[in-house]
Structure formats: structure tokens, C-alpha cells
Amino acid sequence: MTQPWTLHEDRALPADPVTRPIAREIYQQTRALPIVSMHGHVPVEWFAEDTQFPDPAELLVVPDHYLLRMIVSQGRYALHQLGVPAIDGSATTEADPRVVWRRFCEHWKAFRGTPTRFWMEHVLVEIFGVTQRPSAESADAIYDQIAAEIATPGFRPRALLDRFDIEVIGTTDPAWASLEHHARLTADGLGQRVLPTFRPDPLLQLDNLTFTHDVLATGAAAGVEVRDYATYLDALRAQRLRFKAAGARATDHGCHTADTTPLPEDDAARLFDAALAGRPVSDAQAAAFAAHMLFQMAQMSTEDGLVMQIHPGVVRGHSTQMTRRYGPDKGYDIPFAVEFTHALRPMLDAFGHHPNFRTIVFTLDEDVYSRELAPLAGVYPAMRLGAPWWFIDSPEAMRRFRETATETAGFGNLSGFVDDTRAFCSIPARHDLARRIDAGYLARLVAEHRLDLDEAVDTAVDLAYRLPLEAYAAR
Amino acid sequence: MTQPWTLHEDRALPADPVTRPIAREIYQQTRALPIVSMHGHVPVEWFAEDTQFPDPAELLVVPDHYLLRMIVSQGRYALHQLGVPAIDGSATTEADPRVVWRRFCEHWKAFRGTPTRFWMEHVLVEIFGVTQRPSAESADAIYDQIAAEIATPGFRPRALLDRFDIEVIGTTDPAWASLEHHARLTADGLGQRVLPTFRPDPLLQLDNLTFTHDVLATGAAAGVEVRDYATYLDALRAQRLRFKAAGARATDHGCHTADTTPLPEDDAARLFDAALAGRPVSDAQAAAFAAHMLFQMAQMSTEDGLVMQIHPGVVRGHSTQMTRRYGPDKGYDIPFAVEFTHALRPMLDAFGHHPNFRTIVFTLDEDVYSRELAPLAGVYPAMRLGAPWWFIDSPEAMRRFRETATETAGFGNLSGFVDDTRAFCSIPARHDLARRIDAGYLARLVAEHRLDLDEAVDTAVDLAYRLPLEAYAAR
Amino acid sequence: MTQPWTLHEDRALPADPVTRPIAREIYQQTRALPIVSMHGHVPVEWFAEDTQFPDPAELLVVPDHYLLRMIVSQGRYALHQLGVPAIDGSATTEADPRVVWRRFCEHWKAFRGTPTRFWMEHVLVEIFGVTQRPSAESADAIYDQIAAEIATPGFRPRALLDRFDIEVIGTTDPAWASLEHHARLTADGLGQRVLPTFRPDPLLQLDNLTFTHDVLATGAAAGVEVRDYATYLDALRAQRLRFKAAGARATDHGCHTADTTPLPEDDAARLFDAALAGRPVSDAQAAAFAAHMLFQMAQMSTEDGLVMQIHPGVVRGHSTQMTRRYGPDKGYDIPFAVEFTHALRPMLDAFGHHPNFRTIVFTLDEDVYSRELAPLAGVYPAMRLGAPWWFIDSPEAMRRFRETATETAGFGNLSGFVDDTRAFCSIPARHDLARRIDAGYLARLVAEHRLDLDEAVDTAVDLAYRLPLEAYAAR
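Throughout, a residue's number is its position along its own chain's written sequence, starting from 1. Following the order in which they are written, the chains are lettered starting with A and the ligands numbered starting with 1. Totals for whole chains, interfaces and linings use all residues, but because this is a predicted model, local features are given only for residues with pLDDT of at least 70 and pairs of side-chain atoms are given and counted only at 80 or more. Derived side-chain values reflect all non-hydrogen atoms in the structure, with water molecules and hydrogen atoms excluded from consideration.

An unreviewed UniProt entry annotates chain A as Uronate isomerase of Xylanimonas ulmi. UniProt positions are given in the numbering used here, feature names are shortened, and annotations may be inferred rather than shown by experiment. The Catalytic activity (unreviewed entry) field of the UniProt record for chain A holds the comment "D-glucuronate = D-fructuronate". Heading Sequence similarities (unreviewed entry) of the UniProt record for chain A holds this comment: "Belongs to the metallo-dependent hydrolases superfamily. Uronate isomerase family."

Asker: Explain the packing of helix α12 (residues 229-245) of chain A against helix α14 (residues 283-304) of chain A to me, please; I cannot follow it from the model alone.
Answerer: When two helices pack together, their arrangement is given by the angle between their axes and by how far apart the axes lie. Residue and element names in this part refer to chain A. Axis definition: a line fit to C-alpha positions, over the contact stretch in the case of helices; interaxial angles, taken between N-to-C directions, run 0 to 180 degrees. Helix and strand definitions here come from DSSP, where helices need a minimum of 4 consecutive H or I residues and strands a minimum of 2 consecutive E residues; each element is numbered from the N-terminal end. Contact geometry for α12 and α14: axes closest at 11 Å, N-to-C directions at 45°. Considering the angle they form, α12 stands oblique to α14. Relative to α14, the crossing made by α12 is right-handed. On the side of α12, the interface is formed by Y229, Y232, L233, L236, R237, R240, L241 and K244, while α14 contributes F289, H292, M293, Q296, M297, M300, S301, E303 and D304. Basically, the charged four are Asp, Glu, Lys and Arg, the nonpolar ten are Ala, Val, Leu, Ile, Met, Phe, Trp, Tyr, Cys and Pro, and anything else, Gly included, counts as polar. The class makeup of the residues in the contact of α12 with α14 is nine nonpolar, three polar and five charged. Roughly parallel covers angles under 35 degrees, roughly antiparallel covers those over 145, roughly perpendicular covers 65 to 115, and oblique covers all other angles. Should the near helix be turned counterclockwise from the far one by less than a right angle, the crossing is left-handed, whereas a clockwise turn marks it as right-handed. In what follows, residue pairs with any heavy atoms lying within 4.5 Å of each other are defined as contacts.

Asker: Explanation requested: the relation of the copies chain A and chain B in the structure shown.
Answerer: Residues below a pLDDT of 70 in either copy are left out; the C-alpha atoms of the rest, at least 70 in both, set the least-squares superposition of the copies. It takes a turn of 120° to lay chain A on chain B, together with a shift of 0.0 Å along the axis; the resulting RMSD is 0.0 Å. Classification of the inter-copy transformation places it as that of a three-fold axis. For chain A, the residue whose C-alpha comes nearest the rotation axis is D16 of chain A, separated from it by 3.4 Å.

Asker: Looking at this model, I keep getting lost on the interface of chain A and chain C. Mind explaining?
Answerer: Many analyses report the size of an interface as the accessible area lost when the parts associate. Residue-level contacts link 54 residues of chain A with 46 residues of chain C. For any pair of parts, buried area is found by adding up, for both, the accessible area (1.4 Å probe) each one loses once the two are put together. Roughly 4,000 Å² of surface becomes buried between chain A and chain C when both sides are summed, with 48% attributable to carbon and sulfur atoms. Together, R112, H318 and E396 of chain A form the three largest contributors to the area buried by chain A at its contact with chain C, with a combined 18%. Here a salt bridge means any side-chain nitrogen of Lys or Arg lying within 4 Å of a carboxyl oxygen belonging to Asp or Glu. Seen at the junction of chain A and chain C, the total is 12 salt bridges. A salt bridge links D458 of chain C to K109 of chain A; the nearest nitrogen and oxygen atoms lie 3.0 Å apart. Here a polar contact means two N or O atoms within 3.5 Å. Within protein one must be a hydrogen donor candidate and the other an acceptor candidate, and residues neighboring in sequence count only if both atoms are side-chain atoms. Where chain A touches chain C, the interface holds 35 residue pairs in polar contact (both at pLDDT 80 or more). If you list the elements that add at least two residues to the side of chain A that touches chain C, you get α4 (65-73), α6 (115-127), α15 (320-326), β9 (334-335) and α18 (395-409) of chain A. Per-element tally for the side of chain A that touches chain C: the top contributor is α18 of chain A, with five residues. Classifying every residue of the side of chain A that touches chain C gives 25 nonpolar, 13 polar and 16 charged.

Asker: I would appreciate a short explanation of the domain arrangement of chain A in the present structure.
Answerer: Residue and element names in this part refer to chain A. Boundaries of every domain are those given by an automatic assignment or by a domain database. What the domain assignment reports for chain A is domain 1 (19-51 + 164-471) and domain 2 (52-155). Centre-to-centre, using C-alpha coordinates, domain 1 lies 28 Å away from domain 2. At the interface, 31 residues of domain 1 touch 26 residues of domain 2. Carbon and sulfur atoms supply 69% of the area buried between domain 1 and domain 2, which totals about 2,400 Å² over both sides. The largest per-residue losses of area from domain 1 upon contact with domain 2 belong to R325, Y326 and C425, which jointly make up 26% of the total buried on that side. Seen at the junction of domain 1 and domain 2, the total is zero salt bridges. At the junction of domain 1 and domain 2, the tally comes to five residue pairs in polar contact (both at pLDDT 80 or more). Within the residue set of the side of domain 1 that touches domain 2, elements represented by two or more residues are α15 and α19 (427-447). Here the side of domain 1 that touches domain 2 gets six residues from one element, more than from any other, and that element is α19. Residue composition of the side of domain 1 that touches domain 2, grouped by class: 14 nonpolar, six polar and 11 charged.

Asker: What is the right way to read the pattern of salt bridges from this model?
Answerer: Side-chain pairing between opposite charges can occur once the charged atoms of the two side chains come close. Under the definition given, this model contains 139 salt bridges over all chains. Put simply, D462 of chain A and R466 of chain A hold a salt bridge, and the shortest N to O gap is 2.4 Å. Taken together, the residues D462 of chain A and R466 of chain A, both in helix α20 (residues 453-471) and four residues apart, mark about one turn of the helix. Two residues, D201 of chain C and R199 of chain C, come together in a salt bridge whose shortest N-O distance is 2.7 Å. Several salt bridges converge on common partners, so that one network encompasses D452, D454, E455, D458, D462 and R466 of chain B together with K109, R112, R117, E121 and R133 of chain C.

Asker: What am I meant to see in the sheet that holds strand β2 (residues 166-170) of chain A here?
Answerer: Backbone-to-backbone hydrogen bonds pair the strands of a sheet. The strands run either parallel or antiparallel. Residue and element names in this part refer to chain A. When DSSP finds two or more bridges between two strands, those strands count as paired. The strand order β1-β2-β4 describes an open sheet built from three strands, whose pairing is parallel. Of all strands in the sheet, those with a lone pairing partner are β1 (35-37) and β4 (194-195), marking the two edges. Of the strand pairs in this sheet, β1 and β2 are connected by three bridges, and their pairing is parallel. Residue pairing in the sheet places S37 in a bridge with I169 of β2.

Asker: Whenever I open this one, the environment of I166 of chain B confuses me. Can you help?
Answerer: Along the chain, I166 of chain B turns up in strand β2 (residues 166-170). Taking the C-alpha atoms as reference points, I166 of chain B and I427 of chain B, separated by 261 residues in sequence, lie 9.1 Å from one another.

Asker: It is not clear to me how the packing of aromatic side chains should be interpreted in this structure. Could you clarify?
Answerer: Given two aromatic rings, their pairing is described by the distance between the two centres and the angle made by the two planes. For Phe, Tyr and Trp, where Trp contributes only its six-membered ring, two rings pair if their centres lie within 6.5 Å, and the inter-plane angle classes them as stacked under 30 degrees, edge-to-face over 60, or tilted in between. Under the defined criterion, the tally for this structure stands at 70 aromatic pairs over all chains. Taken together, a centroid distance of 5.7 Å and an interplanar angle of 70° make the contact between Y332 of chain A and Y380 of chain C edge-to-face. Taken as a pair, Y332 of chain A in the loop between α15 and β9 and Y380 of chain C in the loop between α17 (367-377) and β11 (383-385) lie in two separate chains rather than in one. Neither Y332 of chain A nor Y380 of chain C differs from the other in exposure class; each is buried. These aromatic residues form a ring-pair network of at least three members: W46, F47, F53, F128, F155, F164 and F424 of chain B. As a reminder, the over-ring test applies to NZ of lysine and CZ of arginine, requiring each to be within 6 Å of the ring centre and within 35 degrees of the ring normal. Its end group placed over the ring of W119 of chain A, R430 of chain A keeps NZ or CZ at 3.7 Å from the ring centre. Exposure classes here rest on a 1.4 Å probe applied to the protein chains alone. A residue is buried below 20% of its type maximum, exposed above 50%, and partly exposed in between.

Asker: Teacher, can you tell me more about the interface of chain A and chain B here?
Answerer: In this complex, chain A contributes 46 residues to the contact, which on the side of chain B involves 53 residues. A combined buried area of about 4,000 Å² lies between chain A and chain B, and 48% of that area is made up of carbon and sulfur atoms. Our count for the chain A to chain B interface comes out at 12 salt bridges. R133 of chain B is the salt-bridge partner of D454 of chain A, the closest N and O atoms lying 2.8 Å from each other. For the pair chain A and chain B, the interface holds 35 residue pairs in polar contact (both at pLDDT 80 or more). For the side of chain A that touches chain B, the secondary-structure elements that each account for two or more residues are α16 (345-351), α17 (367-377), α18, α19 and α20 of chain A. With seven residues, α17 of chain A is the single largest residue contributor to the side of chain A that touches chain B. Across the side of chain A that touches chain B, the residue classes break down as 16 nonpolar, 13 polar and 17 charged.

Asker: Which parts of the structure should I look at to understand the pairing of strand β6 (residues 250-253) of chain C?
Answerer: Within a regular beta strand, the side chains point alternately toward one face of the sheet and then the other, so they alternate between its two faces. Residues and elements named next belong to chain C. Where burial is concerned, the two faces of β6 agree: the one with A250 and D252 and the one with T251 and H253 are both buried. Inspection of the sheet shows β6 paired to strand β7 (residues 307-310) by four bridges, in the parallel sense. In the sheet register, D252 faces β7, and the bridge partner there is Q309.

Structure, rendered in C-alpha cells:
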């Protein structure tokens, strides 16, 4: 490794010498397309306030839970030694971002074969012009190079929207959001470029410890006094419309399971009233209410046309110790098996052919692609199958997705690429990787004479650009 | 796309330049073998009556639920606009087959990457000599070309048996079938070429709404007056023997789960008597009786030697709305996860080494190949693992099947290829595709020096021809 | 097949002409590394007594349940006709090893595409110099060739340790083992080369028919009089320490599920006392106690540093008929789906960050790699993901493991290769195959420019050699 560190033009394209040139040809037609990022977790404040990023560690290490979890798994450093505050005060957070950065660079080997490696290479080389592999030795030089770059005005969030050629980006906002940041963006002419997404999870989970507070806050934001189940639904409806007026195209549901079974309205009202009054509800009651409300959210989508995203199947905060110490979203969320065929049936039976309804369903469990989700998306007009999400948004897993979902769902019933990230700088890398993997899969179809080249190119453009715009078009 | 539309000789063979010539060599040894189609759903009347097919839409669009579901999923046309009658009278069926055909051709893009695309290309080019890609523009010309072809005497069902080189084909017949069509075929010398299959599902499901009627009809067909559980079993036994005498080699069980747990005989008799008398049975009782009867079917197979096919794990009519409107088998059947290891244990423990018993087990859930079905088929002499079925009867999924099932089951414990289709004209395409995929997998084993070429060719012939004949040989 | 039977240098490397030379280069760096076999089932007596193997059938056929099950599945021979004694006296065991060997050779075709074929080829050609394919015709000649070889002093078990270049090998020993064989090995200077493994399954399963006997035997071995739950735990602790003193690095748990939920100590004590006294416990109680004890085993590992291996998810003796006739471990063990995310949570929450704890988790259910085990191993420092085990220790399945586990777990959170076999002569073949598959996967990463060649070689050495040594280092 004495030559400077560069990225190969053909990276992540198939190795086979017949398929690669075809893949290259397809990729050339999508690599320069604008980025459509309809669902993600970049904080809206970054765009609204457009302030400078503080340092390389705060930009690239601390907010990236893929990266944190891999370092933690190696056993040398705990999260507070990587810049994550211990919210229970049990440990002193490493305050020197350079030290945090060194710890990341020391662990470069641990990322071999992971998507973080691929994304981070892209970020370091393509965005920051780094020319050496990260290591204990190179850490400081790389740190300085990044620090200098992020201090320039061209590295403010809004400038990056242009530099990254992001045509549109969705943020995720709590149901009670005032939407003031989005209002400011609209005032600044960015209202159609940075879109809010309505995320009401805490309002649908009766066992949420701050349920009453969250419901009342949502009512306040919506200008609805919530006294009972009927006014609760009114507040949800009103706030959805406020989101839509602010540019929202979609809602997002990080539900535990995908159950959409409605309750009799009286039962739902009784459960809601109990929870609002702070009376205890059982786990089974909370689960039943959550399923009921998923059905209600679908019904409201048929009214207001917001696209309904469903992201089930994760145990949040699997380590209760670490979650108590460091808070949520620190790498301790672990998938589990979730059923869709029976779970989605009430919703799809009721609204699956409704012209105003669109649901995009995501999974972390690859088993369900060929068994459940592709068969469902392949018949119900209202349903699209979401792109590989989170842990499975990686080269091998994206290939498997194409191989297992396409044959039954077809390309046209997919969401197109969705990056779903909070790591802003990784967005171009993630879209680039997806385009490379899609080019490779489509090239194989061409090489196996299962698709003509013109069709493959057209499909590649669909997946990268047209499909996400179309799938997330409010109805 | 100005050149005429043709199919590449090497389609669906691996792209890699080392593997493809080996695959081609293997495929050359199987491509011209006769078709053995031991299980499927082509109506026996077609062969018995040998009448002309009415029009291209009725031949290729209306009966093909793969094709219908994909068009429906695109949201532009409902089933009645594709020629499927609304049985509840709620909509007027499109009466012009040319219009239906145009709607299919308009949707050609939607089939990219699906097996329907592959099969339909084969049908259009190889059977009808079509030279242009389907599209809104080409629809009428293609329609006329097909319509002219199917008006010829050479396109009658019996002539097609010869043209397609179908050595033997199984139909699927209700348990109460009079078998008159099969009798006519026997009289016409086709008795060993078109074989009935005994399908008793409605008789094993106590919650079947027409249970009493179906049981009595079966008794009538069998010449047994069904008064109670004992005479019900007598009727089943008698009717199985009538099927066997008419050439049947197998039974077929589209059961909800794979449970084979027998009940105490008294309990079974009590449940049967209640259902026969029209008294309600619970869901749990119906499920227990269905499991009990699967065990009984296995026992009867040890007596009469009929091969027992098991096809579990599908929610039939997932959209109750659409099923009410258009009836069953219109594309709304959705798989779900089914367990086999515990479920098949009672049956395999009792009969898994019985010299007169053979069961072929199919799945729509690919997970169970490596985890459950291959380990089971790899030890119990009575069990064969069925070919990929329905949604997974596609290029990528058939490859995955070879990759996940073979290492533990071995080739010799498989059913060989089974097309399981009601789309008669697609049968040659389906067998051709399977032979290509098998050639590709075997070629890779050769290219990786895991198998010698002579062994690969011999195995390819087994899978295409010898194994299905042998697996379905009545015992 | 007139040329002599030889093995290709490049067998099991990828066929694609770009990837193969890279794979060959990587493989050259690992092929000659010593074998580290940290977990397996070769009887310790073989090494302690170092006696000659009796005959080719006893060496290669009778102890290999992969091989037996495949022959049985073909329906021609029952286990007693293959040299396995019918322990219920119901059949006469074939006494002539030459006849058994012939029956194996007759079935050579049945092994096409299976790992047994690959391993056995390696054993026959590389170890015994066989030059003809096994068949009915060649069986006797091959038998004579092997018989001559195993009669030489160079074919004693200890000599084979050198010939196979086995640096270290783990045996599996019951919890009540006297460890006398290991003592003899220590006396002979092999104490650090042949290591015991503590396997307490029967002591953790209250429904074990010989529970009281096994518990008392363990107490006796440990020098602890077991009177109650507290002294039972003492006996376990003491015996673990005796194993550790004898060189053990690990415990092994063939538990039914992966549940690790602890009970209140009083409840556990009550259940234990009941079982010790021979009073009946329910299935649910036995399962709850087993989960409780898995948690206790983890706790003891934090005290004594023994690495905790978990191997769940198998129905043992699926055919009760055959298990009654031939005993356990004869090919009738069948996997089933097991959940890990919730099941391991109590243990990982309590000890997942403990500096003295290490658990290696294995699965027979490939679904859980990407969904559960890789996400868990990718964050908890105490957990490693075990190598593909048993049925999935095969070329295609090992590739799938790399493809589905690496992206989320990373290479560094894996166990490295573990052969887990009782077929001693197959150990070099198994390690060789794993090294070839790893070379192929890593070569693809290089060919796709996802990893540099120096990194790929370093990782290959990790997987083959460094990682198993490190993962199984007692803490």
C-alpha cells in the first residue's frame, strides 16, 4: 500500500468480465442523476439554521450508530470514549474530538466487508480528498484535512444540498412538531426541497411513558383540545394536514409489529381514555390499540393522501443497561421476525385498492421478501415494497433484495432507493452504492438475455430517480 | 430495438464465460427430452373435448393469475377490465378479447425481471412466431397472429400434447369427480398420458361451507352411503381406488399448515359427525381434524400406493373484497410461514420408512429448504422434496433452491421438475427454463471442480426427466 | 472417466476468470496454516489410547451420520445393514466391514452436490491416494488400499495429529467426566494440544430421564455431595474449574432453544429439588429451568472465564422409531426455527459487556444471520458469531454465511472456522474447504474493489487461524 489511496471506478460492480462492461454502461446513465432522498433522519435544524459542523468526530463518528456499534463490539472503547455523552452521568465523555477520531481510525480494520467501509471510503476520498487509508498513524493528518474542509462556507448544510445534487430530501418530525424550521425553509425558498414527514409513533403506543404529555402537545400544536378519543383523532387529522401544507408527502410508522387489526370504536375509545387519564393498560391492550391506530392512519391517508411508510420489527434499546446510560439510537436496536401476510390483511383488504391510498412497507427480515411482501406488493395497487433498510442497506443484501423481490413484485411495485440515514455526508455514497448494485443486477439480466439493454437502462433510471418521486407523490 | 425480436440461444444460462459453455453443453442433453408434467391444473375437459381455444385473451391472459395480478397491481385496470367476470354482478366484464389483449400488451414493461416475462416471450416467439415486442402499438398485430394460429387444427389441445412433446401430464380433480373425462381419454388411447390426481381438500376441512354436500357427493361418486366417520373413510378409500384405476399416481393436499398430528379415533369421529350434521366446529377443531386427516391420507397411501403431495402455507383469497367479487384463484393468494419439522413428525415417524409410502412436500417459504425440508428429505426414504412452486418457480428462486436444498437433500431426494400450472401454453417454456437453470447450476459445480461433466449431464437428465417419473410412480 | 481420479488444484474456488486467480493467491497464504480445531467430537480415548483404527468402514462410514443418513434416504439399506448396531436387538448388524464399505461405494452417486462428496474425495485422494471413483466395481480395491494404510503405525491417532498439522483440538466431554484421558494426554505432553470441553446439557434438563443419576455423578466427579440447588451449583462450579485446570477453554450447550431468562432463585431451587427427588416437572417448568441455567452458565463464565458455546435449535431423534432402534446421533436430528433476539437478551443485557465473558452462538437456521445474530454480534463485545454448523457447513451455505453475516457483524466478531466433527479423517478436508470458500469470498471483495488484496490475505489468515485461537482463549 505505498500508492495513494484511490477508489476504483468500477467498485461494487460485478467482477465477471462479461457482466461488468454492461454494468458500467448502465451505471453511466444513473451516476449523475440528482439525488431523491424521500425518507431520512437528517435534523431539519441543520438546513434551517445552516450552521457550520463543529469537527470531524461530531460530523462523521458520533451520529453514526453503524460505526459506533462496530467499535463498541471490539471491546476496547465504550460509547462515552467515542464522544457519546453518558446521560446518566456515570462516565465522563471524551471531550477531545481528535481523540475520538483517532479511536475510529484505529478500528479501520474492523469495518472490512461492511457497508460502513464502503460509505466512509466514498466520504473520505470523494468529499474530503483524503489520500491515505485511515489508521492510528494517519488519523491526525486526516483529521486536519477534514477539519479544514468543514470550516469553509461551501461545507454548510445548504451548500451541501447543491454540492450533493440533492433535489429533494425528507426529514422526520415528531407529530407535535411546530414545523417552524420548515416554515423558515419555505421562507427561504427551500420548502419544496426539504420536506417534513409525520411520525406519530409515541401517540399510538399507550405504554409510552409520556403518552399523555405527547398527546396533549400534539393537540396544542394542532390547535385541538384533546379530551377524548374523538378529539385525539381530530388532533391527528389536523396535524397531518398541517404537515401536508408544509410540504409533507408521507407519514412514518416505526411500529413494533405490522398488525393492522382495527378494534371496535368503543373499545378503542375506552383504552385511549384510560391511557390519557394515566390508568394502566396491559401489554396486550397497548398492542391492540397500536394495531387499531395503524388501521386509522391508513384510513386518514385515504383522506389526506399522505403516503404511509411502515417500518416494523425492531427491539429498540436491546441492552437496557446501555440505553439507560446513553439513550436511544446508539446501536442497540436489534431486529426480530415479524409477520406481514396476516398482519397487513385488514388494512389491505379495506384500502388496498383505494385510489387515494399508498403504503410503502419496509422490513429488516429478508425472509419476508419472497414469502410475503413481494406477493402482496405484486397484487395490491396501493402497496409498494420499500428498499432494503438499515442493516440490509448493504451491497450483498441489496443484491439479495433484487434477486428475491423483483421476480414476484416486479420493479414497478418498489419504492426505488431510500437512504433512511442521519449521516448526512454518507447520502451521496449510499445512493452511489445503490446505483452500482442495481446496475450490476440489471447487467446480469442483460448478460443472461432476460432483459434488453435499453430496458435495463430505463429500469435503472426508474429505481434511482423516477420511482421514489412517484412512490412518494402525495395522492 | 429495430432488429426483429428473437430469443437468445443462451438465455437464462450463467453469464460468466467459463461456466456458460459448460452450461450450454449440459443443456444440449436435456433440451429435447420429452416433457413429464406430473402435477398441474390444466382442465381435463380440454383434452377430453379437444375443442379449439376461443381467442388469444382467453388462452393467454384470463387464466393466468401471475399475469393478472401484475397488471392489477399497476392500478390502471381491475380484473373485470381484463376479462375476468365479476361473479357478484357488480361490474361489467370486458367482452372484447382484443381490448383485453391490448391492456396486457400495454403493461409489458411491468413484467421486466419476472418469470412471466420469460415464459411469455417463449410462448410468443417459439409457439406463435411473434417478431415484435408487445406494446400498445404492436398489440393488434400480435393478436391477429395468435388468433390465426389457434384457429388451426394443429392448435387443438391433443395436437399440442404432441407438439409440446408431453409424454405424460397430470390433471387435478376434485375428490367427487366422476372421472368421465378421464374415461373418455382412456377410450381414446390417452389414458396413460393424461392422469387424474385426487384432491380431497374440501372433505378434510370441517369449516368448508359446503362440507356436508361435498362429503355426500364424494360418497355418491364412490358408491358409498356416508352416514358417519367410518363410512366417510370408506368413501375416501373407495374413491382413491377409482382414481388409481383411472391412472392416478398421486393425491394432492393444499392444506393450510403441514400438521399431521392424528386425533384419537373417537374424537375424530365426534368432530366429523358434528360437521356432517351441520353443527358448528371451532377453528381449533377444524385445524385438528385437518391434521388428523392428513395423517389418515398418509396411512391410505401406504395401502393404495398413491403418492401424497403436500402444498401448505397459503392464505387463499387474501383480499376478501376481491374474492367476493371475482372468486378464488385470481392472484390474491399470499404465502405465510409454515413449520414442517414438528408438523410432519407424526406422519414421518409412523410411515417415513414404509416401503409403500411416498410423500412429496412443497413449500412457498424458502427458509425451510435448508432448515427443515432438506434435512428431512435427506434421511426419510419415503420423503421427496418438491420442486420450487408457484411464486418461487422463477430463475433466481430456482437457483436458490438448488443452492440451498441440494447440499443436504442430495439430487436423488428431489421430485424433479414440476410445473404445477393452469397456463397450458407455458408448459414448454417452464420446463425449458428449469432445464436452463439446472444446466447453469450443474455447470457451476463442474467449473468449480465439485462434479465431473459426465455426472452433471446425468444429473440434468435425472432432474428433467427420470426423477419426476420415478418420484410419482405409484408404489 | 478413463483418466485416473485426481482432485483439481482450484476446486471450490469461484469459476469466474477474474476472481479465480485472486482466490488462488489468497488461498496460497492459508492452505498450509496449522489446523486449529477448537470444537469437535472426536473421542478423547482415541488420542489417549492411540490404538489402530479397526477397518475402513469403522473409520469412514459407521461414525459419519451425514453419510449414513444419505444412504438410508435412498431406501435400499437400513442402518444395521451399514454397520450400526440395532440396540434393541431387533435386527442383526452387518458384521463384514467390506460389505458395509461396498454399500457406501454403491451409493456414490447419491452424494453428488453434497459436502460429504467433497470431504470424502479429499480423504480418499489426499490421505489414502485412491485413484478411482468409488463404485460397486471399485469398492474392494479401495477397501484394500485403505485397510493397508490404516494398519501402518503412521496412521495411529497421535501420528495423525502431526500428519494433519493439528495445532490444537477440542474434544467434548460430559460434565461428570473424570478427565482421566486428558490427564494421560497431559502426562504424555499433549495436554495443550487436546483440550476438554465441558458439556453439561443433561444436568440442565430436568426432564432428562437420568437426571438424578447424572447430577450425582457430576457431584461425585467434582467431590461435592449434591443435596440441593446450592450444592448442585457448587458441583457445577467445581467441575468447570477441574475442566479448566485440565486445559478446557470452553463449555458447550446443546440447548433446545436459546432462552436465557433467569428464574427467581427460590423458584429454581424448588424445581431442582423436585426433579432431584424424582418428582415430575412439566415441560414448561423444564424449559424455564433450562433457560435459567443457561443464564447461570453465563454467570459462571464471567467467574472462571470459560468461553460459552451455544448450539440450539435441533429436534434430536426426530424418528422415535429409529432412535429407539439405533440410539441417538444417527442422522435423525432435524433443525427447527429458533429465536435469538429476545431469547439472548437477559444474558447479553447482564453480561454482554463483561470483560471476562465470551459467548459464541451457533445456528442451523440461516435466517437469523442477517436478522438477529449479526446485529447482536456486531454490538455486544462479549458475543461472537459461530461458524456455519452441521448441515450448513457446506460450500454454498458457507458462502451464504459470508454474504449474510459479514456486512453487519464484520469479520472480527466471528469465531473463525470450527469443524465440529466426529469424523476425524475429514478434519483436514473441512478446514481446506472452508479456506477455499473464504478465499473465494474475499477474492470477490477484491475483484469488486471493496477490499484491497493485502487486507483480504490478512483476513483469510484471521478466519483460518488467528480468530479461532483468539475467540476460544479462556478469559
